[in-house]
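Single-letter residue listing:
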Amino acid sequence: VFIQGENGVGKELFAQSIHANSSRAKGPFVAINCSAIPAQLLESELFGYTEGAFTGAKKGGKPGLFELAHTGTIFLDEIGDMDKEIQTSLLRVLEERKVMRLGGDSMLPVDVRVIAATNVNLKEQITKGLFRMDLFYRINVLNLTIPPLRERREDIALLAQFFVREMGKKYNRPLPPLPKDVLELLSGHSWPGNIRELKNVIERIVISTH
């Protein structure tokens, strides 16, 4: 599954929902942000490593996220920022359904659903030579595009009221539903940060209301 959308639209929530409503729901859901980890560490996080694979490697080695996601789902967020060398390794894993730990000499079978997501245009990345075309076609089987919040303003009031209830429970500050004029004000905002920004604003309202 390949999910596209701007930052903050809730790509991971969609991925979790796909997992929770599938035959793999009883298996693990493992998520990683490919842009948040340096390239030299990302490979060992994804595929694991054996003891002595590199300086500082844990005694006994460490399983990678693909192994940990066995029988479940692995969510590769911001895959468009992944180093091209790691893209090659990822493509091999997707095609062979096996992983080899760094420093290892044997292949380990893995049974995982892969959900990838990005906020960049991968076709443009391919044109620039930054993303492998064969990997793009491998992950782009079922494509979901999540529109930004400004393009689905009818959702703003529903989400705002939901976050009021959620944050009220979190901070033990139950509030009544937001009045119409506040909802109209929220609905008129462009929300460049999408749902993440809206949630942040509602949280601020809840904790600052006496």
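Now for a quick tour of the structure. (Residues numbered from 1 in each chain as written. Predicted model: local features only at pLDDT ≥ 70, side-chain atom pairs only at ≥ 80, totals over all residues. Heavy atoms only, no water.)

**Thoughts on the pairing of strand β5 (residues 73–77)**
And then number 1: Taking burial as the measure, the five residues of β5 include five buried ones, the bulk of the element.
And then number 2: Neither face of β5 is left uncovered, since the one carrying T73, F75 and D77 and the one carrying I74 and L76 both have all their residues buried.
And then number 3: Relative to β5, strand β2 (residues 29–33) runs parallel, the two being bridged by five bridges. In the sheet register, N33 faces β5, and the bridge partner there is D77.
And then number 4: Taken together, the four bridges between β5 and strand β8 (residues 113–118) define a ladder with parallel strand orientation. Paired with I74 across the strands is V114, a residue of β8. (Buried < 20%, exposed > 50% of the residue type's maximum accessible area, 1.4 Å probe, protein only. Helix = DSSP H or I, 4+ residues; strand = E, 2+ residues; numbered from the N terminus. Pairing = 2+ DSSP bridges.)

**Some words on unusual backbone geometry**
And then number 1: Even without being a glycine, E78 presents a positive backbone phi close to 55°.
And then number 2: Take E78: it is sitting in the loop between β5 and α4 (84–96).
And then number 3: Positive phi, normally seen in glycine, also occurs at W191, with a value near 50°.
And then number 4: For W191, a relative accessible area of 2% gives the class buried.

**What to know about the packing of helix α7 (residues 154–170) against helix α9 (residues 194–208)**
And then number 1: α9 packs onto α7 with a crossing angle of 50° between their chain directions and a minimal axis gap of 9 Å. Relative to α9, α7 is oriented oblique. Taken as a pair, α7 and α9 cross one another with a handedness that is right-handed. Between α7 and α9, the contacting residues are I156, L159, A160, F163, V164, E166, M167, G168 and K170 on the first element and I195, L198, K199, I202, E203 and V206 on the second. (Axes fitted to C-alpha atoms, helices over the stretch in contact; angles between N-to-C directions. Parallel < 35°, antiparallel > 145°, perpendicular 65-115°, else oblique. Left-handed = near helix turned anticlockwise from the far one by under 90°. Contact = heavy atoms within 4.5 Å.)

**Things to note about the pattern of salt bridges**
And then number 1: Under the criterion given, the structure shown has eight salt bridges.
And then number 2: Taking the shortest distance from any N to any O, the salt bridge between E6 and R150 comes out at 2.5 Å. Here E6, found in the loop between β1 (2–4) and α1 (11–20), pairs with R150, found in the loop between β9 (143–145) and α7; they are 144 residues apart in sequence, far enough to count as distant.
And then number 3: On the accessibility criterion, E6 (29% relative accessible area) is partly exposed.
And then number 4: Note that R132 and D134 form a salt bridge whose closest N and O atoms lie 2.5 Å from each other.
And then number 5: The exposure class of D134 is partly exposed, given its relative accessible area of 34%. (Salt bridge = Lys/Arg side-chain N within 4 Å of Asp/Glu carboxyl O.)

**As for α9**
And then number 1: Under the 1.5 Å per step criterion, the end-to-end length of α9 is 22 Å for 15 residues, consistent within 8% with the ideal 21 Å.
And then number 2: Buried residues of α9: N194, I195, L198, V201, I202, E203 and V206, and no others.
And then number 3: Buried residues in α9 make contact with α7 and α8 (180–187). (Expected span 1.5 Å × (residues − 1).)

Just distances and angles here, no functional claims.
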